[in-house]
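Structural overview for review
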Amino acid sequence: MSNQYQNIKLEQHANGVWFLTLNRPQALNALNSQMLNEISSAVRELSEMDYDHAKVLVITGAGEKAFVAGADIKEMSDLNSDQAKSFAEKGQSVFHEFNLLKIPVIAAVNGFTLGGGCELALACDFIIASENAKFGLPEVSLGLIPGFGGTVRLLNAVGIRKAREMTFTGELLTAADAKLCGLVSTVVPLAELIPTVMKKIEMILSKSSVAIGLSKKSINEAADLEIEKALSNEAEIFSSVFESVDSKEGMQAFLEKRKPNFSGKY
Ligand code: CAA
């Protein structure tokens, strides 16, 4: 595993469980171009590993103050509109890579999760937050709009009215309020953040990785399709899962009243 990164850390926390830590605590982990490139390389490294070596990815921020306080305002202040478009497209495509990974991507969030940081967390499969987390899209305070997918993914996460309210006011939500509106799945005291993430991972790892990968695909594709097409896509994927060794084992184990022994094989 490469350790060539300056702005992130990619470490194996346990067997096949990877932590990608956004690591510019002096700038509250603000996302600059170099960091986005490094995130992309790290995700590519994981996508090239087989399931035995990469089972889950957790994304977290270094330091206790912030997950990510947004895109790097210093870097953005020098951009012209063409460069701004490239910067937005880079952030969007890097975050889209989380959706394309077959393994679950969990955001373990503490502190400020603002702008591009909130957009990054929204691109993860789900978010577990500490009680001190604060979520928001404050771009309008800078005369900007969200550019890393915020107007799209926040809408899907919290609905159009809450998305408008958060975007127009730039208001920050507490972790508890973020949970109430569906942005966050679980909120725990800071000391419990990583143990809670690890408990969820333990549950995930006891299930069929083939079925998890295919359900992720179906959920992600459903977000872009009309309901009839999404349902027919689900039926196709449901049919393909029946070709897997894991589906035979899972159903057989139920009938034999024993725990399944999933191989992660089709
Ligand atoms: N970009 C660059 N640097 C940032 C940053 C950002 N988004 N957020 C914080 N920093 C830097 C600060 O400049 C400061 O650096 P110096 O010590 O060198 O001055 C350091 O991090 C610590 O920050 P503060 O001193 O401001 O800490 P604070 O506790 O007083 O305030 C905060 C914390 C409320 C999060 C405040 O830092 C803040 O408002 N940050 C900006 C939040 C924001 O507007 N995010 C949206 C960015 S735009 C965007 O993300 C566009 C997009 O969608 C692509």
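First things first, this report covers the structure right here in the doc.

The rules behind each value
Residues numbered from 1 in each chain as written. Predicted model: local features only at pLDDT ≥ 70, side-chain atom pairs only at ≥ 80, totals over all residues. Heavy atoms only, no water. Disulfide = S-S within 2.5 Å. Helix = DSSP H or I, 4+ residues; strand = E, 2+ residues; numbered from the N terminus. Expected span 1.5 Å × (residues − 1). Buried < 20%, exposed > 50% of the residue type's maximum accessible area, 1.4 Å probe, protein only. Contact = heavy atoms within 4.5 Å. Polar contact = N/O pair within 3.5 Å; in protein donor to acceptor, adjacent residues only side chain to side chain. Pairing = 2+ DSSP bridges.

Moving on, we get to the state of the cysteines. Scanning all chains against the criterion turns up 0 disulfides. Counting only cysteine sulfurs, cysteine 181 is the nearest neighbor of cysteine 118, a cysteine outside any disulfide, at a range of 9.3 Å. Not engaged in a disulfide, the cysteine cysteine 124 finds its nearest cysteine sulfur in cysteine 118; these two sulfurs lie 11 Å apart.

The next subject is helix α9 (residues 209-222). Its 14 residues give α9 an end-to-end C-alpha distance of 20 Å, which sits within 8% of 20 Å, the value for a rise of 1.5 Å per residue. Three or more residues of α9 are buried, namely Ser209, Val210, Gly213, Leu214, Lys216 and Ser218. Contacts made by the buried residues of α9 are with α3 (81-100), β5 (105-109), α10 (227-241) and α11 (245-255). For α9, the capping residue at the N-terminal end is serine 208, with a side-chain oxygen 3.3 Å from the backbone nitrogen of valine 210.

With 4 of its 5 residues buried, strand β7 (residues 126-130) lies for the most part within the structure. Of the strand pairs in this sheet, β7 and strand β10 (residues 186-188) are connected by 3 bridges, and their pairing is parallel. Across the sheet, the residue bridging to isoleucine 128 is threonine 186, located in β10.

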